[in-house]
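# Observations on the three-dimensional arrangement
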Amino acid sequence: MKKLDAMHAASAYSMLIGIVCAALRLNIWITLIAFIAGFIWALRLLDIRKYALIYSIFLFVPIVALFIRIPIPAFLPDLIRLAITFFFWILILLLSSYLVLGHKKSKEQRSRI
Amino acid sequence: MTKSSFLSNYWSEILLYTIAVACLVTTAAQYPLSTTFPIGGDAATHIRTVQHIFTDPIFSLQKIANSWYPVAYILFSINAIIPHANWPIIFSWWMTLGQVLTGLALGLFVYRLSGPKASAIAIALWAMTPITMTSFFEDGTMAQLWSLPWVILFFERMLAKSYKGMALFAFLALFSHPITALVLIATLAVSAMIFDKRVALLALAITAIASIVIYFRQDILQISSHEASKYVPELLHGFYLPWVLAALYGWFCIIKSHKHHALLLTTLGSFFAVSLMLGANDLLGIGFWTNRLDAYIVIFVVITGATGVAEILKNIQSPILTTCIASLLCTGLTMSAFHDNQNIYKRYESPSTYSRIHPQELESLAWMNNNLPSNITLFTSGETRNYEWIPVLTHFRWALEKADGRTLLQQSSGAQNPVVVFFTRKDNTPDDVSSNQAQYTLLYKNPSVQIYKINSL
């Protein structure tokens, strides 16, 4: 138990160093390395693999959207372009959630059998 | 938990709450205390809609009912109870109250979601947002600011599984501001589609109907602006980055502690997806109203960031150390935001920047009230939004017209005692007005304003 507490504390300190470095606007690499190291360790300690997979989709789909531009003709009005982009990414979000939820459902059904 | 550790936790939480609320009130009250007049073009419109609610209730209620922000206006109209109300001052303090209420609503939701420490941190995180992360004070967008507490309380009621409360706060949010309504509807639609594929088909049908409506009401499509968000860079690699990092961890902590509340997690997740893509739509290649759409992603980061920081501090397992770190982080960053805002407010106050109505324009309005008969009609162009203060600060009839000499004479021909006003910092007096003394008599002049009486043809 004590070992687990120490591991929690170590990951927390690592993330905290990352947060404080970001707050003080120190080197971005120190920030990211310290935070990500602590973050990955903390995720292992949280032990929520099953749920993390489902709900991470909500984080990762919109973040990925920021890096990929869908080619939409520029002559279309802004509101239409916004609607098309939204439609596309929400569709991706839905499909990936159905995929993960469907996968989870079938695993549960198998385990019941 | 031993008695001493319980007490130490208790006092550390009280201390954190005190610091957080102090930070919230400080940055919110800084706005009315540092400015002598509201900034932003919308303030005059909001005041004009509600200021005669008791003297001309039917006309005011009609205006409120036909507006986009009925709930926000009804709440704002309560201020008409104040005798001899100074509306510009009241407006600034009402904005402050909206900012504080949003912070407290966040505190309440995060308290229920992640406990008292996270709640105090959430209040402090929201305290850092005015000007630096949101544009409510700068733009005078009172209705949007006053719609945020209802969205947050909607999620709080969802967590408490109170469906009546959810319905109430959804109603308040939907009729407070159309952007908030859009975000809430989109969030609920995405969440519902994930829960049930039949709802997804229904959503497709609604999209088809919306497309038909847009086809027939093409004026909606004229709304456009190409702006890069001022605030999203602050989230991704600036002032708010620490809390975005903490938000990642916070999200997983929320998943762990509420893993059986699928509705809440799906709705919060959908809220994140919708608000990030709306707030950062310039990064998606569009740039549509980004500065008005960022507040929702800030709210998500506050909720999850506060949870993340509180969990990280809990794992350090020293109440005194955690309180010290949290207090120093919150006060340090709030003071930094306070200092930055101080410079911005000073800039707005400077008459040379012309960011708000100029003191000489206010002087001219006071002169009009004291020296012009009450039955005159004031004509102005729409060159500057400062003209919108005329019906708020004077009791004259105001007509917005294209103000070149020839058209003015035609437009004012039926009006009683027509007078034309030029705020010359933005709207120069046309030559055919200033040089035509037979038809335009100069009544008042200062370096920023010229007022002419229009003589009948």
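Below or above, wherever it landed, is the structure these notes cover. Since this is a predicted model, take the numbers as computed values, not measurements.

We now examine the overall build of chain B. A count of helical and extended segments in chain B gives 22 helices and five strands. Dimensions of chain B, computed from the C-alpha atoms along their principal axes, are close to 90 × 50 × 40 Å. Taken across its 457 residues, chain B has 57% of its residues classed as buried. The long-range fraction of contacts in chain B, counting pairs at least 24 apart against all pairs at least 6 apart in sequence, stands at 74%. For chain B, the exposed surface amounts to about 19200 Å²; the carbon and sulfur share of it is 63%. Each charge sign in chain B was given a centre, from 27 positive and 24 negative side chains, and these centres are 10 Å apart.

Take the sheet that holds strand 3 (residues 418-423) of chain B next. Residue and element names in this part refer to chain B. Reading across from one edge, 2-1-3-5-4 is the order of the five strands in this open sheet, with mixed pairing throughout. Looking along the sheet, the strands with just one partner apiece sit at the ends: strand 2 (397-400) and strand 4 (440-446). In this sheet, neighbouring strand axes are inclined to one another by 25 degrees on average, regardless of whether the strands run parallel or antiparallel. Pairing geometry for strand 1 (residues 377-380) and strand 3, over three bridges, is parallel. Note on strand 3: the bridge partner recorded for F379 is V420.

Next up on the list: the side chain of T141(B). Take T141(B): it is sitting in the loop between helix 7 (136-139) and helix 8 (142-145). Not counting residues up to four positions away in its chain, the partners in contact with T141(B) are D42(B), H46(B), M95(B), S135(B), F136(B) and R292(B).

Quick look at the nonpolar core now. Grouped together as the largest cluster of nonpolar side chains are 182 residues, with contacts concentrated most on F76(B), M142(B), Y240(B) and W243(B). Ranked by residue count, the leading element in this core is helix 17 (residues 295-316) of chain B, at 15 residues.

On to unusual backbone geometry, then. Residues and elements named next belong to chain B. With a phi close to 50 degrees, H84 is a non-glycine residue in the positive phi region. Within the secondary structure layout, H84 lies in the loop between helix 4 (70-77) and helix 5 (87-114). Judged by its relative accessible area of 82%, H84 is exposed. The phi angle at Y354 is positive, at roughly 55 degrees, despite the residue not being glycine. One can find Y354 in the loop between helix 18 (319-349) and helix 19 (359-371).

As enumerated under the stated definition, the model contains 24 aromatic pairs over all chains in all. A ring pair is formed by F35(A) and F39(A), whose centres lie 5.6 Å apart and whose planes are at 20 degrees; its orientation type is stacked. Taken together, the residues F35(A) and F39(A), both in helix 2 (residues 28-46) and four residues apart, mark about one turn of the helix. The same class applies to F35(A) and to F39(A), which are both buried. Pairing F76(B) with W94(B) gives two aromatic rings, centres 5.9 Å apart and planes at 40 degrees, and the pair type is tilted. Here F76(B) is found in helix 4, whereas its partner W94(B) is found in helix 5, with 18 residues between them in sequence. Per residue, the accessibility class of F76(B) equals that of W94(B), and both read buried. Here the aromatic residues F76(B), W87(B), F91(B), W94(B) and W146(B) are joined through ring pairs into a cluster of three or more. Lying over the aromatic face of W289(B), R292(B) brings its terminal NZ or CZ to 6.0 Å of the ring centre.

Residues and elements named next belong to chain B. Among the surface-exposed residues, V21, V25, L97, L101 and L104 lie close enough to one another that they form a single nonpolar patch of about 350 Å² accessible area. Mapped by element, the contributors of at least two residues to the nonpolar patch are helix 1 (3-34) and helix 5. For the nonpolar patch, the element with the most residues is helix 5, which contributes three residues. Locating V25 in the fold gives a position in helix 1.

The rules behind each value
Residues numbered from 1 in each chain as written. Chains lettered and ligands numbered in written order. Predicted model: local features only at pLDDT ≥ 70, side-chain atom pairs only at ≥ 80, totals over all residues. Heavy atoms only, no water. Helix = DSSP H or I, 4+ residues; strand = E, 2+ residues; numbered from the N terminus. Buried < 20%, exposed > 50% of the residue type's maximum accessible area, 1.4 Å probe, protein only. Contact = heavy atoms within 4.5 Å. Areas by Shrake-Rupley, 256 points an atom, 1.4 Å probe, with all protein chains shown as cover. Lys, Arg positive; Asp, Glu negative; His and termini not counted. Charge placed at Lys NZ, Arg CZ, Asp CG, Glu CD. Pairing = 2+ DSSP bridges. Axes fitted to C-alpha atoms, helices over the stretch in contact; angles between N-to-C directions. Core = buried A, V, L, I, M, F, W, Y, C linked by side-chain atoms within 4.5 Å. Phe/Tyr/Trp six-rings, centres within 6.5 Å; stacked < 30°, edge-to-face > 60°. Lys NZ or Arg CZ within 6 Å of the ring centre and 35° of its normal. Patch = residues over 30% accessible without salt bridge, like charges linked within 9 Å, V, L, I, M, F, W, Y side chains within 5 Å. Salt bridge = Lys/Arg side-chain N within 4 Å of Asp/Glu carboxyl O.

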